[in-house]
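One letter stands for each residue in the lines below.
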Amino acid sequence: MDSSDLFSNVKPSWRLLKEYINSNFSEEEINRLVKNKGIVTDLEQFFLRDAMAFLRLSILNLMAYKYLMCGHYLAWGKVTLHFSFFYSMNSFLRLKGFALIHITKIPPFCVEKIDKDCFKFKKSKKSSHRTLWNKFFEYKHEKGEIRFPITDAMLSERYMWNYDLLFPSQSMNEGAIKDADTYCQNNFLDPNYGKFEDPDASEYHWDLMNAIGYEEKLAGDLIKECITMLGKKAQKSKYKTDYVAYFQGMLEGIKSFKTKQDMKKEIEKWIQETLNDL
């Protein structure tokens, strides 16, 4: 099945996947399903709802990251940027039919679409984050993106900015404030970033992109990809109006949040382009 057909004729639920599982299956039933790799049907609507919620969170965190950097909050800005990507990765995986679920008193487990409306429950063999990253890389490999430019070094850096005192403790230093200002002043989402007639200017900006801007660009690229994936599903769905309402609500909602206008305009453009195709 073409991935754009996945969930295409499913009306998005108002309930999240975890909420549905937690309220419809007992702890004993969930453990038994996971242990026996049991099959559950009719979960598509909840996967779709999760994907939309994660995408919205990813966009909000991307705008928050830029706002924090403009306020010179370097450490929390970098952590927030990581979570923007993490949320969009979860949106991407939900749209592919994969979820990692955390429920109190039950070890994290996976739910994965295997055929038509059938979903298999199974154990998560690795740590929660590693399970998600491995699955994400697996799908990217299928698309021919053999080396997706996210490395263990990037994940390690996020951990250090979040938990290692050495990194965030430097946030009031002059160098850190200048770094934050560089993140603030450059719109790495701009598809024309670094394209100047002056070769020296181009080289400077591309060096900047390779040094620090690639994380923002990767987060933005994945958000844009998820928006496009949802748009393709909407084009094939008899519930197109639900998607239109979702995207229109997103456009209206992000107006309330402060961030750099050039970033906000770029995100609005992605959403509006998808709406124009519906």
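Source: prediction; values computed, not measured.

**Q** Explain the overall build of the protein to me, please; I cannot follow it from the model alone.
**A** Check the secondary structure of the protein and you find ten helices and four strands. For the protein, the N- to C-terminal ordering of α and β elements is α-α-β-α-α-β-β-β-α-α-α-α-α-α. Taking 278 residues into account, the globule formula puts the C-alpha radius of gyration at 19 Å, and the protein, at 20 Å, falls close to it. Along the first, second and third principal axes, the C-alpha set of the protein runs to 60 × 45 × 35 Å. Counting only residues that meet the buried cut, the protein has 48% of its 278 residues in that class. Contacts in the protein between residues at least 24 apart in sequence constitute 73% of all its contacts with a sequence separation of at least 6. Counting only carbon and sulfur atoms, one obtains 52% of the accessible surface of the protein, whose full area is about 14600 Å².

**Q** Whenever I open this one, the packing of helix 4 (residues 74-96) against helix 8 (residues 199-235) confuses me. Can you help?
**A** Any two packed helices are characterised by the angle at which their axes cross and by the distance between the axes. At their nearest, the axes of helix 4 and helix 8 sit 9 Å apart, and the two run at 25° to each other. Considering their axes alone, helix 4 and helix 8 lie roughly parallel with respect to each other. Judged by the sense of rotation from one axis to the other, the crossing of helix 4 with helix 8 is left-handed. Together, K78, L81, S84, F85, S88, M89, S91, F92, L95 and K96 of helix 4 and E215, E216, L218, A219, L222, I223, E225, C226, M229, L230 and K233 of helix 8 make up the contact between the two elements. Considering only residue class, the contact of helix 4 with helix 8 consists of twelve nonpolar, three polar and six charged.

**Q** Would you mind showing me how to read the side chain of R94 here?
**A** Relative to the elements of secondary structure, R94 occurs in helix 4. If we skip the residues at most four places from it in the chain, R94 touches F7, L17, F47, D50, A51, F54, A99, L100 and I101.

**Q** Teacher, can you tell me more about the packing of aromatic side chains here?
**A** Any two aromatic rings considered together are summarised by their centre-to-centre distance and by the angle between their planes. The full count for this structure, using the stated rule, is 19 aromatic pairs. For the pair F85 and F136, a centre-to-centre distance of 5.9 Å together with 90° between the ring planes defines the contact as edge-to-face. Here F85, found in helix 4, pairs with F136, found in helix 5 (residues 128-142); they are 51 residues apart in sequence, far enough to count as distant. F136 matches F85 in its accessibility class, with the two residues each being buried. Aromatic ring contacts, followed pair by pair, group F85, F92, W133, F136, F137 and Y139 into a single cluster.

**Q** Help me understand a negative patch on the surface in this model?
**A** The grouping of E197, D198, D200, E203 and D207 at the surface amounts to a negative patch. By the element assignment, D207 lies in helix 8.

**Q** How do you make sense of the nonpolar core when you look at a structure like this?
**A** Burial of nonpolar side chains together is a common tendency in soluble globular proteins. Of all hydrophobic cores here, the largest spans 79 residues; its most connected members are I21, L43, I59, F109 and I267. The greatest single-element share of this core, amounting to twelve residues, is contributed by helix 8. Ignoring anything within four residues of it in the chain, the contact list for I267 reads I59, L62, M63, L189 and I254.

**Q** Explain the state of the cysteines to me, please; I cannot follow it from the model alone.
**A** One covalent bond between the sulfur atoms of two cysteine residues makes up a disulfide. Scanning the model with the defined rule gives one disulfide in all. Linked covalently through their sulfurs, C70 and C184 form a disulfide whose S-S length is 2.0 Å. The chirality of the disulfide connecting C70 with C184 is right-handed, given an S-S dihedral of about 90°. Residue C70 is located in helix 3 (residues 44-70), and its partner C184 is located in helix 7 (residues 174-185); the two are separated by 114 residues in the primary sequence. Sulfur of C110: no disulfide; nearest cysteine sulfur belongs to C118 and is 18 Å away.

How each quantity is defined
- Residues numbered from 1 in each chain as written.
- Predicted model: local features only at pLDDT ≥ 70, side-chain atom pairs only at ≥ 80, totals over all residues.
- Heavy atoms only, no water.
- Helix = DSSP H or I, 4+ residues; strand = E, 2+ residues; numbered from the N terminus.
- Rg over C-alpha atoms; globule rule 2.2 N^0.38 Å.
- Buried < 20%, exposed > 50% of the residue type's maximum accessible area, 1.4 Å probe, protein only.
- Contact = heavy atoms within 4.5 Å.
- Areas by Shrake-Rupley, 256 points an atom, 1.4 Å probe, with all protein chains shown as cover.
- Axes fitted to C-alpha atoms, helices over the stretch in contact; angles between N-to-C directions.
- Parallel < 35°, antiparallel > 145°, perpendicular 65-115°, else oblique.
- Left-handed = near helix turned anticlockwise from the far one by under 90°.
- Nonpolar A, V, L, I, M, F, W, Y, C, P; charged D, E, K, R; others polar.
- Phe/Tyr/Trp six-rings, centres within 6.5 Å; stacked < 30°, edge-to-face > 60°.
- Patch = residues over 30% accessible without salt bridge, like charges linked within 9 Å, V, L, I, M, F, W, Y side chains within 5 Å.
- Salt bridge = Lys/Arg side-chain N within 4 Å of Asp/Glu carboxyl O.
- Lys, Arg positive; Asp, Glu negative; His and termini not counted.
- Charge placed at Lys NZ, Arg CZ, Asp CG, Glu CD.
- Core = buried A, V, L, I, M, F, W, Y, C linked by side-chain atoms within 4.5 Å.
- Disulfide = S-S within 2.5 Å.

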